[in-house]
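Here's the letter readout for the chains.
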Amino acid sequence: MTIEHDAGKTGDLIVNIADARAHELGQGTTIRLLRYSEETGDWVLWVEMQPGATFAPHWHLGHGQYFVTKGELLYDVGSAPAGTYGYEPIGSRHNEARCEQVTEYLFMGHGAVAFTGPDGDVRFILNHEFLRDLAQGALVSDISNEGTDAALAAA
């Protein structure tokens, strides 16, 4: 890492992935927060998943877009191998999302994503505020199927 960037900066922003701190979100998934906006609620992540990594069931309260650069993202609506662009509209629900090989992609969120537990109850909301607090070290969380707790305040 050469310099630490401010992902919440307003105005023009240029950031190298190497300058964005890695945050583990449980069971083989690491994100790098590239940008979030307090004004619009938008956020941009670089996501790295190890073989066997999963996402808990979730639904999009805002739309999302992604581009896979390496590996393959597998979920209930299909397969997204390297070179694939995907769009997830508001209200889309995903019961399963995983990878079987090292997978990397750029994700652009335009609003919140609600992660749910086995009974359909909301575990936590991933949005620009969650990501801001994670980047500041105020939260730890697990977005995988194996995760059972809501976002917890770090001790």
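Placed above this text is the structure.
Numbering of residues begins from 1 in every chain and follows the order in which that chain's sequence is written. Residue-level local features of this predicted model are given only where pLDDT is at least 70; pairs of side-chain atoms are given and counted only at 80 or more, and the full residue set underlies all totals for whole chains, interfaces and linings. For the side-chain quantities, the full set of heavy atoms in the structure was used; hydrogens and water were omitted.

A. Seen up close, the pairing of strand β8 (residues 78–81). Two strands qualify as a pair provided DSSP detects at least 2 bridges between them. By definition, any uninterrupted DSSP run of H or I lasting at least four residues is a helix, any uninterrupted run of E lasting at least two residues is a strand, and each is numbered from the N terminus. As paired elements, strand β7 (residues 72–75) and β8 share four bridges and run antiparallel to each other. Its bridge partner being in β8, Glu72 is matched across the sheet by Pro81. Between β7 and β8, which follow one another and run antiparallel, lie two residues.

B. Examining the sheet that holds strand β13 (residues 113–116) more closely. Spatial ordering of the open sheet is given by β10-β5-β13-β14, a layout of four strands whose pairing is antiparallel. What marks the edges here is a single partner per strand, and that holds for β10 (93–94) and β14 (122–126). Relative to β14, β13 is paired through four bridges, and the arrangement is antiparallel. In the sheet register, Phe115 faces β14, and the bridge partner there is Phe124.

C. Fine view of the packing of aromatic side chains. What counts as a ring pair is set by centres within 6.5 Å for rings of Phe, Tyr and Trp (its six-membered ring), and what kind of pair is set by the plane angle: stacked under 30 degrees, edge-to-face over 60, tilted for all other angles. Applying the stated criterion across every chain, the model contains five aromatic pairs. Seen in terms of ring centroids, Tyr66 and Tyr75 are 6.3 Å apart; in terms of plane orientation they differ by 70 degrees. Their pairing is edge-to-face. For each residue, the accessible area found with a 1.4 Å probe, counting protein chains only, is set against the maximum for its type, and the residue is called buried under 20%, exposed over 50%, and partly exposed in between. Overall, the relative accessible area of 10% leaves Tyr75 in the buried class. Members of the aromatic cluster, each reached through a chain of ring pairs, are Tyr66, Tyr75 and Tyr105. Whether a charge lies above a ring is judged from NZ of Lys or CZ of Arg, which has to be within 6 Å of the ring centre and within 35 degrees of the ring normal. Lying over the aromatic face of Trp59, Arg93 brings its terminal NZ or CZ to 4.3 Å of the ring centre.

D. Here's a closer look at a nonpolar patch on the surface. Together, Leu61, Val122 and Ile125 make up an exposed nonpolar region whose accessible area comes to about 220 Å². Of the residues examined, Ile125 reaches a relative accessible area of 33% and is grouped as partly exposed. For patch building, the residue pool is restricted to those with more than 30% relative accessible area and no salt bridge; the joining distance is 9 Å between like charges and 5 Å between nonpolar side chains (Val, Leu, Ile, Met, Phe, Trp, Tyr). Using a 1.4 Å probe, the Shrake-Rupley method yields the accessible areas, and only the shown protein chains count as cover for residues. Every case where a carboxyl oxygen of Asp or Glu lies within 4 Å of a side-chain nitrogen of Lys or Arg is listed as a salt bridge.

E. Looking closely at the pattern of salt bridges. For the structure shown, the criterion picks out five salt bridges. For Glu38, the salt bridge identified is with Arg132, shortest N-O distance 2.8 Å. Of this pair, Glu38 sits in the loop between β2 (29–36) and β3 (42–49) while Arg132 sits in helix α1 (residues 128–135); the two residues are 94 residues apart in sequence, bridging distant segments of the chain. With a shortest N-O distance of 3.5 Å, Glu96 and Arg98 are connected by a salt bridge. On the basis of relative accessible area, Glu96 is assigned to the partly exposed category, the value being 36%. Salt bridges linked by common partners bring Glu38, Arg132 and Asp133 together as one network.

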